[in-house]
Amino acid sequence: MPRWLCLLLACALTGCGAASPALAPTAAPATRIPPPRPTATPRPSPTPVVFMQEYPLPAGTHPHDVAPAADGGVWYTGQASGVLGRLDPATGAVREVRLGAGSAPHGVIVGPDGAPWITDGGLNAIVRVDPQSFAVRVFALPPDRPAANLNTATFDRQGQLWFTGQSGIYGRLDPATGAIQVFDAPRGPGPYGITTTPSGAVFFASLAGSYIAWVDLESGQATVLEPPTPEQGARRVWSDSRGRVWVSQWDVGQLGLYDPVANRWREWRLPGARPQAYAVYVDDRDIVWLSDFGSNALVRFDPRTELFTTFGLPSPSASVRQLLGRPGEVWGAESAADKLVVVRQP
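Figured I'd write up the structure that's included with this text. (Residues numbered from 1 in each chain as written. Predicted model: local features only at pLDDT ≥ 70, side-chain atom pairs only at ≥ 80, totals over all residues. Heavy atoms only, no water.)

1. Section: the packing of aromatic side chains
Then step 1. Summed over all chains, the structure comprises 19 aromatic pairs.
Then step 2. Ring centres of tryptophan 250 and phenylalanine 293 lie 5.3 Å apart, and the angle between their planes is 90°; on these two criteria the pair is classed as edge-to-face. Taken together, the residues span a long stretch of sequence, with tryptophan 250 in the loop between β21 (245-249) and β22 (254-259) and phenylalanine 293 in the loop between β25 (288-292) and β26 (297-302) at a distance of 43 residues.
Then step 3. An aromatic cluster of at least three residues, connected via ring pairs, comprises Trp162, Tyr170, Phe183, Phe204 and Tyr211.
Then step 4. We note arginine 95 situated over the ring of phenylalanine 134; from NZ or CZ to the ring centre the distance is 3.7 Å.
Then step 5. For arginine 235, the ring lying beneath its charged end belongs to tyrosine 192, and the centroid distance is 4.9 Å. (Phe/Tyr/Trp six-rings, centres within 6.5 Å; stacked < 30°, edge-to-face > 60°. Helix = DSSP H or I, 4+ residues; strand = E, 2+ residues; numbered from the N terminus. Lys NZ or Arg CZ within 6 Å of the ring centre and 35° of its normal.)

2. Considering the sheet that holds strand β16 (residues 191-196)
Then step 1. Judged by pairing direction, the sheet is antiparallel, and its four strands sit side by side in the order β16-β17-β18-β19 without closing on themselves. The sheet is open, and its two edges are formed by β16 and β19 (222-225), each paired on a single side. Averaged over all pairs of adjacent strands, the angle between their axes in this sheet comes to 25°, without regard to strand direction. (Pairing = 2+ DSSP bridges. Axes fitted to C-alpha atoms, helices over the stretch in contact; angles between N-to-C directions.)

3. Re the pattern of salt bridges
Then step 1. Here the structure, examined in full by the defined rule, presents 12 salt bridges.
Then step 2. Two residues, arginine 304 and aspartate 302, come together in a salt bridge whose shortest N-O distance is 3.5 Å.
Then step 3. According to the relative accessible area criterion, arginine 304 is partly exposed, its value standing at 48%.
Then step 4. Using a relative accessible area of 6% as the deciding quantity, one classes aspartate 302 as buried.
Then step 5. In this structure, glutamate 329 and arginine 344 form a salt bridge, with 3.3 Å as the shortest nitrogen-oxygen distance. Taken together, the residues glutamate 329 in strand β29 (residues 329-334) and arginine 344 in strand β30 (residues 339-344) connect sequence positions 15 residues apart.
Then step 6. By relative accessible area, which is 15% here, glutamate 329 ends up buried.
Then step 7. Classification of arginine 344 as partly exposed rests on a relative accessible area of 24%.
Then step 8. Residues participating in the shared-partner salt-bridge network are Asp113, Arg128 and Asp130. (Salt bridge = Lys/Arg side-chain N within 4 Å of Asp/Glu carboxyl O. Buried < 20%, exposed > 50% of the residue type's maximum accessible area, 1.4 Å probe, protein only.)

4. Things to note about the nonpolar core
Then step 1. Residues Val66, Leu84, Val129, Trp289, Leu323, Trp331 and Leu340 are the most contacted members of the largest nonpolar core, which totals 37 residues.
Then step 2. A total of four residues in this core trace back to one element, the largest contributor, which is β30.
Then step 3. Judged by nonpolar contacts, the second largest core, of 16 residues, contains Ile109, Ala115, Leu150 and Ile169. (Core = buried A, V, L, I, M, F, W, Y, C linked by side-chain atoms within 4.5 Å.)

Okay, structure coming up:
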């Protein structure tokens, strides 16, 4: 058995350190992709009811990512304006802070310290913003790693921040010391989404490389895990509560699932004539959410019934590039509409 799979099995066993009215969605059975595997027949399920609301942002912001905060606010990156913003959903009020000359922030997550952490492709740096004072601290990548095209980040269970860069790198930052290590990704350009499982394992997706990878947290080495469909364009990844990794496959309009314990893949095609699966997120009920550029919609997938449900977005061609949430809410950034959107589930 390969070393990376042994380590994952050990982690799994022991652990490692104005709102719109209810939408009338359309449900469609998932389309399975070869190779087939024995499964139970999907069970009928009541169509879910959700409420969707949009929040306007300053014109020209082009928000890329969102990160709900513990206090009820929502952070977002203004990629076109070089800002980090905070939305108060109760009032619609927005506060923004400029991150520096040349900033083009891509991803934002809330760290274990409660602060927003940003992957900024323009600054070629990881940026922390103090949630109270809005003071900005910049952690620049080493000079020999220019133009990394930084994308997204995740914290492991030891408090290290791992990040990706589409130019062909991934790396880690020690927030305590500011030390940064950068690694060359397998097959060069492509690293995009990244996630941490409940047991502490870190996986990233390579859009150009069409794979996901498991990262050895000690050595930093990445092990490539090949989805069944070639050239599928694995864009973003997210872990469910069981440590399974869900993947949005942009180039083929599919949802992928990798089970590290069983070392097994499954894939489903999204509904519609030309789906484009961009963002993926798994909520606190282990329901999978995706954004679909092809139908300008958010798509819900229930792993228990294997049914997709599509919720059209109010704004045309909204371009939701990322999803993140908290209990009862799924938030998205409508980059082409200069809005944030939230789906609330009763």
